[in-house]
Amino acid sequence: MKGPSGRITYQAKRMWHCPKCQRKVLTGGHITNQACTCQPGQTVWMHVASDHSSPRDLSPPPSHAS
Ligand SMILES: [Zn+2]
C-alpha cells in the first residue's frame, strides 16, 4: 500500500489577458492580480483569460437543502 507522500503537486496556472495591448501572460495560480506595463504612467489591470484552478465557478452549488 502506498501512503501519502506529502508532496504537493498542485501547480495551477493562470492565463492573463491585457485589454489594452492584447498581451497574454502565464503566471502561477497564486497570482490574483496582474498589471500590464504597456501604458506608461497608467496601471492596466489584466483580466483572467483562463483559470485552470476553478473551471466551473459559474455554477455555484446549491447551499440550501430541502
Ligand atoms: Zn498591456
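It should be noted that the structure appears before, not after, this text.
Within each chain, residues carry numbers counting from 1 in the order of the written sequence. Selection of residues for local features in this predicted model requires a pLDDT of at least 70, selection of side-chain atom pairs for listing and counting requires 80 or more, and totals for whole chains, interfaces and linings are taken over all residues. As a convention, hydrogens and water are excluded, and side-chain values are obtained from all of the structure's heavy atoms.

(A) The overall build of the protein chain, seen in detail. The way it works is that DSSP assigns letters per residue, a run of H or I at least four long becomes a helix, a run of E at least two long becomes a strand, and they are numbered from the N terminus. Assigned secondary structure in the protein chain consists of zero helices and five strands. What you see in the protein chain, going N to C, is helices and strands ordered as β-β-β-β-β. Counting only residues that meet the buried cut, the protein chain has 17% of its 66 residues in that class. Taking all contacts inside the protein chain whose residues are at least 6 apart in sequence as the whole, residues at least 24 apart take part in 34%. Relative accessibility under 20% of the residue-type maximum defines a buried residue, over 50% an exposed one, and the middle range a partly exposed one, all with a 1.4 Å probe and only protein chains included. By definition, residues are in contact when any of their heavy atoms lie within 4.5 Å.

(B) Quick look at the nonpolar core. To qualify as a nonpolar core, a set must consist of buried Ala, Val, Leu, Ile, Met, Phe, Trp, Tyr and Cys residues joined through side-chain atoms within 4.5 Å. Counting six residues, the largest nonpolar core consists of Trp16, Cys18, Val25, Cys36, Val44 and Met46. Apart from residues no more than four positions distant in its own chain, Val25 is found in contact with Arg14, Met15, Trp16, Gln34 and Met46.

(C) View of the coordination of the zinc ion. Looking at the metal site, the zinc ion is ligated by Cys18 (SG), Cys21 (SG), Cys36 (SG) and Cys38 (SG), spaced 2.2 to 2.3 Å from it. Along the chain, the residues donating to the zinc ion are arranged with the sequence spacing C-x2-C-x14-C-x1-C. Taken together, the residues span a long stretch of sequence, with Cys21 in the loop between strand 1 (13-17) and strand 2 (24-28) and Cys36 in strand 3 (residues 35-36) at a distance of 15 residues. Listed donors are limited to N, O and S atoms within 2.8 Å of the metal, widened to 3.2 Å for Na, K and Ca; water is not among them, so incomplete-looking sites are possible.

(D) A look at the environment of Ile31. Inspection of the secondary structure assignment puts Ile31 in the loop between strand 2 and strand 3. For the pair Ile31 and Lys13, spaced 18 residues apart in sequence, the C-alpha separation works out to 9.0 Å. Those residues within four positions of Ile31 in sequence are excluded, and the remaining contacts are Arg14 and Trp16.

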